[in-house]
Amino acid sequence: MITTLEKVLFLKEVSLFKNISSERLAKIATIAKEVEFSKGERIINEGDEGDSLFILIEGGVSIIKGKETIANLGPKDFFGEMAILDSEPRSATVVADTDIISLKISREDFTEILIDEHEIMLAIIKSLVHRLRQTNIKTEKKVQ
Ligand code: CMP
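Residues numbered from 1 in each chain as written. Predicted model: local features only at pLDDT ≥ 70, side-chain atom pairs only at ≥ 80, totals over all residues. Heavy atoms only, no water.

Asks: Break down the side chain of lysine 7 for me, citing the residues and quoting the values.
Replies: Looking at the element boundaries, lysine 7 is found in helix α1 (residues 4-12). For the buried lysine 7, which has no salt bridge, the nearest side chain bearing the opposite charge is glutamate 34, at an N-O separation of 6.1 Å. Excluding anything up to four places from it in sequence, lysine 7 contacts Ile2, Ala29, Ala32, Lys33, Glu34 and Leu103. (Helix = DSSP H or I, 4+ residues; strand = E, 2+ residues; numbered from the N terminus. Buried < 20%, exposed > 50% of the residue type's maximum accessible area, 1.4 Å probe, protein only. Lys, Arg positive; Asp, Glu negative; His and termini not counted. Salt bridge = Lys/Arg side-chain N within 4 Å of Asp/Glu carboxyl O. Contact = heavy atoms within 4.5 Å.)

Asks: Go over unusual backbone geometry, please, and point to the residues and values.
Replies: In this structure, asparagine 19 is a non-glycine residue whose phi angle is positive, near 70°. Tracing the chain through its elements places asparagine 19 in the loop between α1 and α2 (22-31). Given the relative accessible area of 59%, asparagine 19 is considered exposed. Positioned with a positive phi, lysine 76 is a non-glycine residue whose angle comes to about 80°. Here lysine 76 lies in the loop between β5 (68-73) and β6 (78-79).

Asks: An account of the sheet that holds strand β4 (residues 61-65) is requested, with residue identities and associated values reported.
Replies: Taking strand neighbours across the sheet as the criterion, the 4 strands line up as β2-β7-β4-β5 in an open arrangement whose pairing is antiparallel. The open sheet terminates on both sides in strands that have one partner only, identified here as β2 (42-44) and β5. Taking the axes of each pair of neighbouring strands and ignoring which way they run, one obtains an average angle of 30° across the sheet. Relative to strand β7 (residues 93-96), β2 is paired through 2 bridges, and the arrangement is antiparallel. The partner of isoleucine 44 across the bridge, within β7, is valine 94. (Pairing = 2+ DSSP bridges. Axes fitted to C-alpha atoms, helices over the stretch in contact; angles between N-to-C directions.)

Given below as structure tokens:
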């Protein structure tokens, strides 16, 4: 079980929360719940309703669309933000490649954080843009 202080120290290292004060991070740390998954477990199923976002503390996941792995994420990366931002079904399946320790934040809590912390909103937008660019590069390579 991770302590709140350990969560704060971890969150300080996550790019999503850079420039966020320790006091705000302490609040976020109390909201974020530690959740574990076993290797091979499906953390998110494409098409399901989504109500939370995950931040990886330990381990790696594959993002799978149909039969294809479209991305691999590791420690300090987050996933599950899309369905909580647009209220559409989960856009892909997320499978644990290793045993996982993560932090889970509910849609309600994350929405409140975004309203209070514009820096986090910007970081989310930057990350979505980065993922879109990566997808465009892959699509371009396939077409060629
Ligand atoms: P969500 O749609 O809620 O659930 C599946 C998650 O997979 C999605 O949020 C993103 O966090 C992640 N995801 C989907 N597409 C990509 C991608 N192209 N690159 C990285 N992560 C992705």
